[in-house]
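Take a look at the letters that make up each chain.
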Amino acid sequence: MAARANRALITGITGQDGSYLAEFLLEKGYEVYGLIRRSSTEPFERIQHIQHQLRLISGDLLDERSLIQALAEAQPSEVYNLAAQSFVQTSWDQSVFTGEVTALGVTRLLNAIRTVDPTVRFYQASSSEMFGNIPVSPQNEETPFYPRSPYGVAKVYGHWITVNYRESYGLYTVSGILFNHESPRRGFEFVTRKIANGVAQIKYGVANELCLGTLDAKRDWGFAGDYVRAMWLMLQQPQPRHYVIGTGEIHSVREFAERAFREAGLDWKDHVKVDPRLFRPAEIHQLVADPRRARTELGWQPTMSFPDLVSLMVRAELERLEDQLAVRDARNARHAQPVTVPQKRAVSR
């Protein structure tokens, strides 16, 4: 079956990266399909503003037949696999499920592509968590992997099966080894969104403290909107290769929290509490990208600085919570209004 030009299928389209990628591809003139699970409880709020421009079809990374049907319906020229059980902490509690979706789900999707149309170009969302505690810093495309969580292990499998199918079957498959990328659309379970949301709650008196795990972990944080552009660029190259995508800068959780509270005129030391129960069983202390290949071959570089990213996320949370509180106050005001009971009219006799 011949793929149609400028048509893309995105798994994980309701997530942070999926929503930004869908926006980007629509602006490029693509016809965009999104794969959603029938039983999914994932909210559509991230794509609500563009949902009328998307074509959402059912499929599940646990069900290869459904993937074959989805590909046959969408007939894409490009497939972006962004779906995964993507929260590291949860992967310890749901290690088997993480492996089924984040690892074996990649194999099922690649098999489906081989069955329906081997000319499809395939992007796999790999992760800096694959590097784990490797002593080499910064990390580039040649750095060995040393994952420190079931999520990281599953991503290593997904990465290498993508390489294997390229070398074994001649498919056009690439992996983007993306370092941490954030936005106001990040899930609340991730530390950056947790901090930004906590700042807003404290600023408006909803909460008084924010509990975090280790403050010393250091990460390479960028803006998700920049990183989806790198995904697309990878699939436009003459030959498929994998690329490390990151800013090349490193910042600690402590620095993120300090900047976030300062954005709201607060002192983080007055509100942040360290809770050892939030520590990972095996912590990764430092990850930072060496993105020179992406900058040289793709012409890609980030456009948003770390301070601007923190500011963007905090201001978005302040506005969101302010709107929620205004709606709540208006509702309470309506309910508090006294009810006027009409007087009975006197009846003349």
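Bear in mind the structure is a predicted one, so any value in this text is a computation, not a measurement.

Draft legend 1. The side chain of Arg166, seen in detail. Relative to the helices and strands, Arg166 is located in helix H5 (residues 150-169). Among the polar contacts listed, one links the side chain of Arg166 to the backbone oxygen of Thr173, at a separation of 2.6 Å.

Draft legend 2. The arrangement of the pairing of strand S2 (residues 31-36) in detail. The element S2 is largely enclosed, with a buried count of 5 among its 6 residues. Summarising the sheet, strand S1 (residues 7-11) and S2 pair through 5 bridges and their orientation is parallel. By the bridge assignment, Arg7 is partnered in S2 with Glu31. In terms of handedness, the path from S1 via helix H1 (residues 16-27) over to S2 forms a crossover that is right-handed.

Draft legend 3. Structural context of helix H2 (residues 64-74). Buried residues of H2: Ser66, Leu67, Ala70, Leu71 and Ala74, and no others. Seen along its axis, H2 keeps its buried residues to an arc of 135°; they face one direction. Where H2 is buried, its residues contact S1, S2, strand S3 (55-58), strand S4 (78-81) and helix H4 (95-116). Between the side-chain oxygen at the start of H2 and the backbone nitrogen of Arg65 there is a gap of 3.2 Å, and the oxygen is on Asp63. At the C-terminal side of H2, Gln75 shows a positive phi close to 50°.

Draft legend 4. Focus on the packing of H4 against H5. Taken N-terminus to C-terminus, the directions of H4 and H5 make an angle of 15°; their axes are 8 Å apart at the nearest point. Looking at the two axes, H4 sits roughly parallel to H5. Judged by the sense of rotation from one axis to the other, the crossing of H4 with H5 is right-handed. Contacts from Ser95, Thr98, Gly99, Thr102, Ala103, Leu104, Val106, Thr107, Leu110, Asn111 and Arg114 in H4 reach Pro150, Tyr151, Ala154, Lys155, Tyr157, Gly158, Ile161, Thr162, Tyr165 and Tyr169 in H5.

What counts as what
- Residues numbered from 1 in each chain as written.
- Predicted model: local features only at pLDDT ≥ 70, side-chain atom pairs only at ≥ 80, totals over all residues.
- Heavy atoms only, no water.
- Helix = DSSP H or I, 4+ residues; strand = E, 2+ residues; numbered from the N terminus.
- Polar contact = N/O pair within 3.5 Å; in protein donor to acceptor, adjacent residues only side chain to side chain.
- Buried < 20%, exposed > 50% of the residue type's maximum accessible area, 1.4 Å probe, protein only.
- Pairing = 2+ DSSP bridges.
- Right-handed = clockwise from strand over helix to strand, strands pointing away.
- Arc of directions from axis to C-beta.
- Contact = heavy atoms within 4.5 Å.
- Axes fitted to C-alpha atoms, helices over the stretch in contact; angles between N-to-C directions.
- Parallel < 35°, antiparallel > 145°, perpendicular 65-115°, else oblique.
- Left-handed = near helix turned anticlockwise from the far one by under 90°.

Keep in mind that these numbers describe shape and distance, not what the molecule does.
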